[in-house]
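Spelled out from the first residue to the last, the chains are:
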Amino acid sequence: MAELNLNINDGKEKIYVNKEKYGEDRVIYINLDDNGIFERLKKANEKIKAYCTELSATAETDTRDIIDVFAETDSKIREQINYIFDNEKVSDMVFGSTYCTADVGGKMYIEEFMEAIMPLIEEKFRISAKKTIKKIDKYLIK
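Residue numbers restart at each chain and count upward from 1, following the sequence in its written direction. In keeping with the predicted nature of the model, local features appear solely for residues at pLDDT of at least 70, side-chain atom pairs appear and are counted solely at 80 or more, and the whole-chain, interface and lining totals rest on all residues. Only heavy atoms go into the side-chain values, all of them from the structure, while hydrogens and water stay out.

Novice: Can you help me understand the environment of Y99 in this one?
Specialist: Counting from the N terminus, the helices are the DSSP runs of H or I reaching at least four residues and the strands are the DSSP runs of E reaching at least two. Here Y99 is to be found in the loop between α4 (90-95) and β3 (103-104). By the convention used here, residues are in contact when the closest approach between their heavy atoms is within 4.5 Å. Not counting the four nearest positions on each side in its chain, Y99 is found in contact with F70, A71, D74 and Y109.

Right under this line is the structure:
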């Protein structure tokens with residue numbers, strides 16, 4: 001049977017992560033116009049907060065326990081990041097092998113990433129919403 005390929009526009013854009021440092025090795029593909037990002041972000045944010053609270057609570061425990069908790073927390077947060085952006089490779093491309101809870105400049109790596117990506121998403125959303133409203137207005141009775 002012949003191989004079939006469906007070429008459709010999925011809206012995903014190529015975004016380099018620290019291109020100056022990593023060249024073209026770290027690339028993520030995200031549809032910045034996907035309105036579902038905000039719903040997924042809301043759901044994931046609650047889980048991420050819970051994971052971080054759990055991580056903080058274990059800070060007083062045995063070092064062996066905290067190492068396991070850091071690894072587990074990193075894995076769970078990465079899963080949520082991938083869920084938010086509907087792409088299973090986003091967290092690996094952004095964080096590499098560094099834990100997303102690692103301190104980078106006084107904040108967690110995940111915070112650094114979210115603070116960098118959210119303005120892009122918000123701007124694209126504003127532009128997309130305006131276009132959608134214009135399309136809808138064409139069909140409304142005035």
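What follows continues from the structure just given.
Novice: I tried to follow the pattern of salt bridges on my own but got confused; where do I start?
Specialist: If charged atoms from side chains of opposite charge come close, those side chains can pair. Salt bridges are defined by distance alone: a side-chain nitrogen of Lys or Arg within 4 Å of a carboxyl oxygen of Asp or Glu. Under the definition given, this model contains nine salt bridges. When the shortest N-O distance is used, the salt bridge between R78 and D74 registers 2.7 Å. Of this pair, R78 and D74 both sit in helix α3 (residues 63-84), four residues apart, which is roughly one turn of that helix. Each residue's exposure class comes from its accessible area (1.4 Å probe, protein chains only) as a fraction of the maximum for that residue type: buried when under 20%, exposed when over 50%, partly exposed otherwise. The class for D74 is buried, based on a relative accessible area of 7%. Measuring nitrogen to oxygen at the nearest pair gives 3.7 Å for the salt bridge that ties E112 to K107.

Novice: Before we go on, may I ask you to explain the side chain of S91 in this structure?
Specialist: Tracing the sequence through the fold places S91 in helix α4. Residues within four places of S91 in sequence aside, it is in contact with R78, I81, N82 and G96.

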